[in-house]
Amino acid sequence: MLETIERQSTSNKRIARNTLFLYIRLGVIMLVKLYTSRVLLNVLGIDDYGVYNAVAAFVISFSFISSPLITATQRFLNFDMGKGGFRLNTLFVTSFLLFIIVSLILTLGLETVGTWFLNNKMNFPQDRVSAVNILFQLTVLSLVINILRMPYESTVIAEEKMSFYAIICMIEAFLTLGTAFMLKVEFYINKLVLYGTLNVVYTILLMLVYKVYCNHKFPYTKIKNIRFNKATAKEVCIFSGWNFFGSLAAMTATQGITTLINIFFGVVCNAAYGIAIQIQSAVGNVVQNFQKAANPQITKSYSEGSLDHTRFLVVNVSKFSFILTLLFVVPLICNIDFVLKLWLGNNVPPSSQLFSCLVLCLVSLVSFAGPMEAGIMATGKIKSFQITFSILIFLNIITTYLVFKHGASAYWAIIIKCIVELVVIVVRIVYLRKGIALSAKYFTTNTFIPCAIIASISIFFIIAIVHIFPESGWRRLIFSATIYLLLLFLNTYFIALSKSQRRKLKQLNLRCVLS
């Protein structure tokens, strides 16, 4: 019993330490990426920025083929670590070979169906067609290199080496910014083509860094004998196969929306949606970093047979993920006009404000997904869940297409995603009850009700701020951010924390004062 408590305490400390590394990474990356978007928008212009977003989103949409394998690799590595780590080399080598196969399939699909769709169905200015096709080829190459990097990145995350992961991600962000600045230099080459070329160069560099680090730190990542273990491959492929449906559905619900917006509304609307997605990515990364530190522990706890700790992590990581998201979502919604102008200057694409606010609402709902799905994935019993999940998510893209066909505005794409996400949350609760015996009543009482109360208070806060400060500007931004930080802290302490958690927090503060 004491050994279990000590192990769980060590696990919680590791989560806290890794979260710290990831938030240092996040702070740097968020600032760099937001500034990079401004530089790119200024250098490329609204039309070319929209072209780049449309092409990149289309190519990335094909990565749904590799996403299930990434999830499977992390899951099986974590699970085996919890069991003693006797199959790590076999798992890694087999996964790497599977990633090679996936990259070949992906390339074939993009060079055939992808090229046809790009030139016959998507909407680009006529004078950009040649540059679009070259950019497409370069983006495909970058994607393939990134896929081959995934076994190494999955290993780093599974081993919870978040300090290295944070450093590499920050380097990647600065390299992206550097490539954007290089576009300001006059070269005898189209800027879209130049940007795609530079992306390929730094992608190769990062792949090599990951490989060298993993080979040095984790001997089981060295591929000495290329032997395809059929039993392991079958195990990974079955898990990935069912996860594929969810990945395909998620792709259509995200990247597919970008393609539909391009077809129905053109590249200017793509630019506005692209800005909203940048904000979604920045805020989403806040919660994903917290979850990235915690999710490996969910899998390891389950593999060790510690269901109580698994349920504890799922419930609390879900709750605090939502609260953490609100810390950024609410001040941003209050000040979206000013923030966009501050970020992009006078180049704010039309409709960016409403797109951004709706996307921020979606981010709040999606914040529950990570730990809930980690709890389901840990069990390995995902067939029924992925089929149900896929059907619901596919409804997203089908419904969006139908409402666009009947003349609805582009905003409806995000409204529909919010509605579907609410339904998916209910589905996840059902499968958590089956998988880890987490009752719906317990999850609702300890997670949803506190979050719903805090969200309701936040809505009244937004209305009050807009009423008190009718004009957006620095005063409203500083006041709303400061007051909401205090309000959210009080709400978290008195509403979100349980009595035992408040007691432990007081004891911790007392130790800090006395030490």
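Residues numbered from 1 in each chain as written. Predicted model: local features only at pLDDT ≥ 70, side-chain atom pairs only at ≥ 80, totals over all residues. Heavy atoms only, no water.

## Points about the environment of I257
Assignment of secondary structure puts I257 in helix α7 (residues 230–265). Measuring from C-alpha to C-alpha, the distance between I257 and S66 comes to 20 Å, with 191 residues separating the pair along the chain. (Helix = DSSP H or I, 4+ residues; strand = E, 2+ residues; numbered from the N terminus.)

## Points about the pattern of salt bridges
Applying the stated criterion across every chain, the model contains seven salt bridges. With a shortest N-O distance of 2.9 Å, R87 and E235 are connected by a salt bridge. In this pair, R87 sits in the loop between α2 (67–82) and α3 (88–120) while E235 sits in helix α7, placing the two residues 148 residues apart along the sequence. E235 sits in the partly exposed class, given a relative accessible area of 35%. Note that E153 is salt-bridged to R149, the shortest N-O span being 3.1 Å. One end of the pair is E153 and the other is R149, both in helix α4 (residues 129–158) and four residues apart, which spans about a single turn. (Salt bridge = Lys/Arg side-chain N within 4 Å of Asp/Glu carboxyl O. Buried < 20%, exposed > 50% of the residue type's maximum accessible area, 1.4 Å probe, protein only.)

## Quick word on unusual backbone geometry
Phi angles above zero are rare outside glycine, and S351 is one such case at about 75°. Take S351: it is sitting in the loop between α10 (336–344) and α11 (352–366). By relative accessible area, which is 31% here, S351 ends up partly exposed. A positive phi is found at A437, a non-glycine position, where the angle reads about 60°. Tracing the backbone shows A437 in the loop between α14 (412–436) and α15 (440–468).

## Topic: the nonpolar core
Membership of the largest hydrophobic core comes to 152 residues, with the highest contact counts inside it found for V55 and F124. Beyond its immediate sequence surroundings of up to four residues, V55 is in contact with L118, F124, V132, L135, F136 and T139. (Core = buried A, V, L, I, M, F, W, Y, C linked by side-chain atoms within 4.5 Å. Contact = heavy atoms within 4.5 Å.)

## Digging into helix α12 (residues 369–379)
Residues spaced three or four apart along an α-helix face the same direction, because each turn holds 3.6 residues. Counted residue by residue, α12 has ten buried out of eleven residues, so it is predominantly covered. With its phi angle positive at about 80°, G380 sits one or two positions after the end of α12.

## Remarks on the packing of α12 against helix α13 (residues 383–405)
At a closest axis distance of 10 Å, the pairing of α12 and α13 adopts a crossing angle of 140°. With respect to each other, α12 and α13 are oriented oblique. Of the residues in α13, those in contact with E373, I376 and M377 of α12 are F385, Q386 and F389. The class makeup of the residues in the contact of α12 with α13 is four nonpolar, one polar and one charged. (Axes fitted to C-alpha atoms, helices over the stretch in contact; angles between N-to-C directions. Parallel < 35°, antiparallel > 145°, perpendicular 65-115°, else oblique. Nonpolar A, V, L, I, M, F, W, Y, C, P; charged D, E, K, R; others polar.)

## Details of the environment of F174
Position of F174 among the secondary structure elements: in helix α5 (residues 162–182). In this structure the C-alpha to C-alpha distance between F174 and V28, which are 146 residues apart in sequence, comes to 9.2 Å. If sequence neighbours within four positions are ignored, F174 has contacts with V28 and V32.

## Quick word on the packing of aromatic side chains
All chains considered together, the criterion is met by 28 aromatic pairs. When the ring of F461 is compared with that of Y484, the centres are 5.1 Å apart and the planes differ by 45°; the resulting orientation is tilted. Linking F461 in helix α15 with Y484 in helix α16 (residues 474–496), this pair joins segments that are 23 residues apart in sequence. For the pair F461 and Y484, one class covers both residues: buried. Site record: aromatic cluster; members linked through ring pairs are F164, Y210, Y213, F218 and Y220. Across from the ring centre of Y431, 4.8 Å away, lies the NZ or CZ of K434, which sits over that ring. (Phe/Tyr/Trp six-rings, centres within 6.5 Å; stacked < 30°, edge-to-face > 60°. Lys NZ or Arg CZ within 6 Å of the ring centre and 35° of its normal.)

## Overview of the packing of α5 against helix α6 (residues 191–217)
Closest axis-to-axis distance for the α5/α6 pair is 10 Å, and the angle between their directions is 160°. Taken together, the axes of α5 and α6 lie roughly antiparallel to each other. For the element pair α5 and α6, the recorded crossing hand is right-handed. Here F164, Y165, I168, E172, L175, T176, T179, A180 and M182 of α5 come into contact with α6, specifically with L194, Y195, L198, N199, Y202, L205, L206, V209, Y210 and Y213. In terms of residue class, the contact of α5 with α6 is built from 15 nonpolar, three polar and one charged. (Left-handed = near helix turned anticlockwise from the far one by under 90°.)

## What to know about the state of the cysteines
The final tally for this structure, using the stated rule, is zero disulfides. In this structure C357 is a free cysteine whose sulfur lies 7.1 Å from that of C361, the closest cysteine sulfur available. On the basis of relative accessible area, C357 is assigned to the buried category, the value being 17%. Not part of a disulfide, C418 finds its nearest cysteine sulfur in C361, a span of 6.2 Å. (Disulfide = S-S within 2.5 Å.)

Geometric values such as these leave the question of function open.
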